[in-house]
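The lines below spell out each chain.
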Amino acid sequence: MSGGGDTIAAIATPPGKGAIAIVRISGPETKALARRLVQTKRPLRARVATYVTICDERGQRLDRALAIRFRAPHSYTGEEMLELQLHGSPVLAREVMRALLACGARLAEPGEFTRQAFLNGKMDLHAAAAVADVVSAETSAAVRAAFANLGGGLASEVERIRESLRAMLEELAAAIDFPDEVAEPPRPRLEAGVAGLLERLERLRHDGELGQLLREGVGVAIVGPPNAGKSSLLNALLGSDRAIVSEVPGTTRDTIEETIAIDGVPVRLVDTAGIRAHADRLEGAGIERTQRALAAARIIVLVIDGSVPAGGESTELLARTEGRERIVFFNKADLGTRGCPVPPIAGSVVGSVYDGRTLTALRAAIARTGWRGERLDLSRPHLAALHEFEAVNAAIDALEGACAALRQGHPMDFAAGELQRAFSSLGHVSCREGAEDIIGGIFSRFCIGK
Ligand SMILES: Nc1nc2c(ncn2[C@@H]2O[C@H](COP(=O)(O)OP(=O)(O)O)[C@@H](O)[C@H]2O)c(=O)[nH]1
Ligand SMILES: [Mg+2]
């Protein structure tokens, strides 16, 4: 935890060799550290890259590097900062870190630079969380969505909604407190106003759900009898030979997970061991994992060899996955379709993993089942953190209560109570501070040096 006055340092680039390695330093002692460890002809100027020599605490030269100084409060963290761009050797970066720590800096915790930025009012909590989302995004659509949240536009939209609520509450308060002097505002007008706010909140929530999908992806379990072509399907979708394909039934003994992007949504494909009645014990463990993958997945792709009459395992799996979000895929159509039911099962795909059109149809079926094929280009600020969803859900609930109270002719203070409830919960989204556990939860997802 930042002790307020600490000066923190960290390697900000990923581990391993690279073109450059960046070491970041932030805090009140930054200037003193620079004086000790950075040799320059002229003093470092703010925001100007200067070619310098880095030394250790005993004055021994470590590297020639670029140093950039950021003067407080005009830095990422809002504190005095120094960024050193070293030659990209992990050994060198560690040496520089060691020297910094020897001179009194402290190793930064994950996300501590961004936490400092948040504490110094450089960004709100929503934008701070978006920083981690930009870094961990797995597809370009997910990057765009996280980027939309960096600007802090969510807080302003929520504040505008709160302003409207405040105006309604003031109007109602006058009518409730001075019933003889101030007339009640017309209920249909109030109701229409509340309905408009509800619509805006529901859009934030809907976009938030799309954002969640882009961040977390969709779990797809590929299940089916041995030898149906499950591993072949995973490989074909991946476009590489990740899973072991074999003619011997029961080869895939463990579950294999790979992520592909469909329409910008990360889709986590889990290839499972076939479910067989007479399996040896090793395969049994794989089957147990299959059951778990089946339970955890949002969508099930049930692969059946459609070229031969359906066996007991296919029938059993068809029955077991009924009622789940599933796609039934009858594979090996190049060898015939004797095993495909007539009339076909609704929403099933008949084809072969070796046929591009079949793969296109399967990708489309996953998109339809997972997100109704909706285009997920999310460039508006949206809900992302759990506490934001909770606050907006509570506000939606309260506004629905207010609408009902107005429509059913309940006394005005019923509606006013609900509007007040919505107003307060939305305050948790737009406020600049947050409860310590919420802050902790957000920054625990960061990497060191961010
Ligand atoms: N002819 C044909 N063979 C296939 C097709 N899909 C898979 N296979 C073959 O079926 C066998 C079993 O495939 P595999 O992916 O290991 O099945 P799994 O046990 O369900 O994972 C392999 O020999 C594959 O080459 C297909 O569409 N057509
Ligand atoms: Mg397999």
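This one's a predicted model, so the numbers in the text were calculated from it and none came from an experiment.

Asker: Help me out: how do you make sense of the overall build of the protein chain in this one?
Answerer: When helices and strands are tallied, the protein chain shows 14 helices and 13 strands. Rg of the C-alpha trace for the protein chain: 29 Å, well past the compact-globule value of 22 Å for 450 residues, more than 25% over. Oriented by its inertia axes, the alpha-carbon framework of the protein chain measures out at about 85 × 80 × 35 Å. Split into buried and exposed, the 450 residues of the protein chain put 38% on the buried side. Of all intrachain contacts in the protein chain linking residues separated by at least 6 positions in sequence, the fraction that spans at least 24 positions is 67%.

Asker: Help me out: how do you make sense of the environment of D6 in this one?
Answerer: Examined against the element boundaries, D6 turns out to sit in the segment before β1 (8-11). Exposure remark for D6: the 18 C-beta atoms within 10 Å place this residue in the partly exposed category. For the pair D6 and G111, spaced 105 residues apart in the sequence, the C-alpha separation amounts to 15 Å. When residues no more than four places from it in sequence are discounted, the contact partners of D6 are G27 and R106.

Asker: Explain the sheet that holds strand β4 (residues 49-55) here, please?
Answerer: Strand pairing within a sheet occurs via backbone hydrogen bonds; the two strands may be parallel or antiparallel. Within the open sheet, the 7 strands sit side by side as β3-β4-β5-β6-β2-β1-β7. Their pairing is mixed. Only two strands of the sheet have a single neighbouring strand rather than two, namely β3 (38-39) and β7 (106-107). As judged from the 2 bridges shared by β3 and β4, these two strands associate in the antiparallel manner. Its bridge partner lying in β4, Q39 is registered against T53.

Asker: When you look at the packing of helix α12 (residues 386-407) against helix α13 (residues 412-430) in this model, what are you seeing that I'm missing?
Answerer: At a closest axis distance of 8 Å, the pairing of α12 and α13 adopts a crossing angle of 165°. Classified by the interaxial angle, the pair formed by α12 and α13 is roughly antiparallel. α13 is crossed by α12, and the crossing has left-handed handedness. Facing H387, E388, A391, V392, A394, A395, A398, L399, G401, A402, A405 and L406 of α12, the residues of α13 in contact are F414, A415, E418, L419, R421, A422, S425, L426, H428 and V429. A class-by-class count of the residues in the contact of α12 with α13 yields 15 nonpolar, 4 polar and 3 charged.

Asker: Just to check I follow, could you spell out the pairing of β4 for this structure?
Answerer: For a regular strand, side chains alternate in direction, first toward one face of the sheet and then toward the other. As judged from the 7 bridges shared by β4 and strand β5 (residues 61-70), these two strands associate in the antiparallel manner. In the strand pairing of β5, Y51 is matched with L66. Linking β4 back to β5 in an antiparallel pair, the connection comprises 5 residues, with G59 at a positive phi of about 85°.

Asker: Help me understand helix α3 (residues 112-119), please; the structure alone is not making it clear to me.
Answerer: An α-helix turns once per 3.6 residues; consequently, residues spaced three or four apart project the same way. Burial of α3 is extensive: 7 of the 8 residues sit out of reach of the surface. Where α3 is concerned, the buried positions are E112, F113, T114, R115, Q116, A117 and F118. Looking one or two residues past α3, G121 carries a phi angle of roughly 75°, positive in sign.

Asker: I keep staring at the nonpolar core and nothing clicks. Help me out?
Answerer: As a rule of thumb, soluble globular proteins bury nonpolar side chains together. Among the nonpolar cores identified, the biggest contains 108 residues, and V220 and I222 are the most heavily contacted of them. For I222, the contacting residues outside a window of four places in its chain are K230, L233, L234, L269, V270, D271, T272, V301 and V303.

Asker: How should the packing of helix α5 (residues 140-148) against helix α7 (residues 187-216) be read in this particular structure?
Answerer: To describe two helices that pack against each other, one gives the angle between their axes and the distance between the axes. As a packed pair, α5 and α7 sit with axes 9 Å apart at the nearest point and diverge in direction by 135°. In terms of orientation, α5 lies oblique with respect to α7. Both α5 and α7 take part in a crossing whose hand is left-handed. Contacts from A141, A142 and A145 in α5 reach G211, L214 and R215 in α7.

Asker: Just checking my understanding: could you explain unusual backbone geometry for this structure?
Answerer: Where the residue is not glycine, phi is negative for most of them; where a peptide bond is considered, it is trans in most cases. Of note, the amide linkage connecting A72 to P73 takes the cis form, showing an omega dihedral of 0°. Following the sequence through the fold, P73 ends up in the loop between β5 and β6 (81-87). In this chain, V342 is followed by P343 through a cis amide linkage whose omega measures -10°. Following the sequence through the fold, P343 ends up in the loop between β12 (326-331) and β13 (349-350). You will see that D263, though not glycine, has its phi angle at about 50°, which is positive. As for its placement among the helices and strands, D263 is situated in the loop between β9 (256-262) and β10 (265-271). Residue D263 is classed as partly exposed on the basis of its C-beta count, with 19 C-beta atoms lying within 10 Å.

Rules and cut-offs
Residues numbered from 1 in each chain as written. Chains lettered and ligands numbered in written order. Predicted model: local features only at pLDDT ≥ 70, side-chain atom pairs only at ≥ 80, totals over all residues. Helix = DSSP H or I, 4+ residues; strand = E, 2+ residues; numbered from the N terminus. Rg over C-alpha atoms; globule rule 2.2 N^0.38 Å. Buried ≥ 20, exposed ≤ 12 C-beta atoms within 10 Å, placed from the backbone. Contact = placed C-beta atoms within 7 Å. Pairing = 2+ DSSP bridges. Axes fitted to C-alpha atoms, helices over the stretch in contact; angles between N-to-C directions. Parallel < 35°, antiparallel > 145°, perpendicular 65-115°, else oblique. Left-handed = near helix turned anticlockwise from the far one by under 90°. Nonpolar A, V, L, I, M, F, W, Y, C, P; charged D, E, K, R; others polar. Core = buried A, V, L, I, M, F, W, Y, C linked by C-beta atoms within 7 Å.

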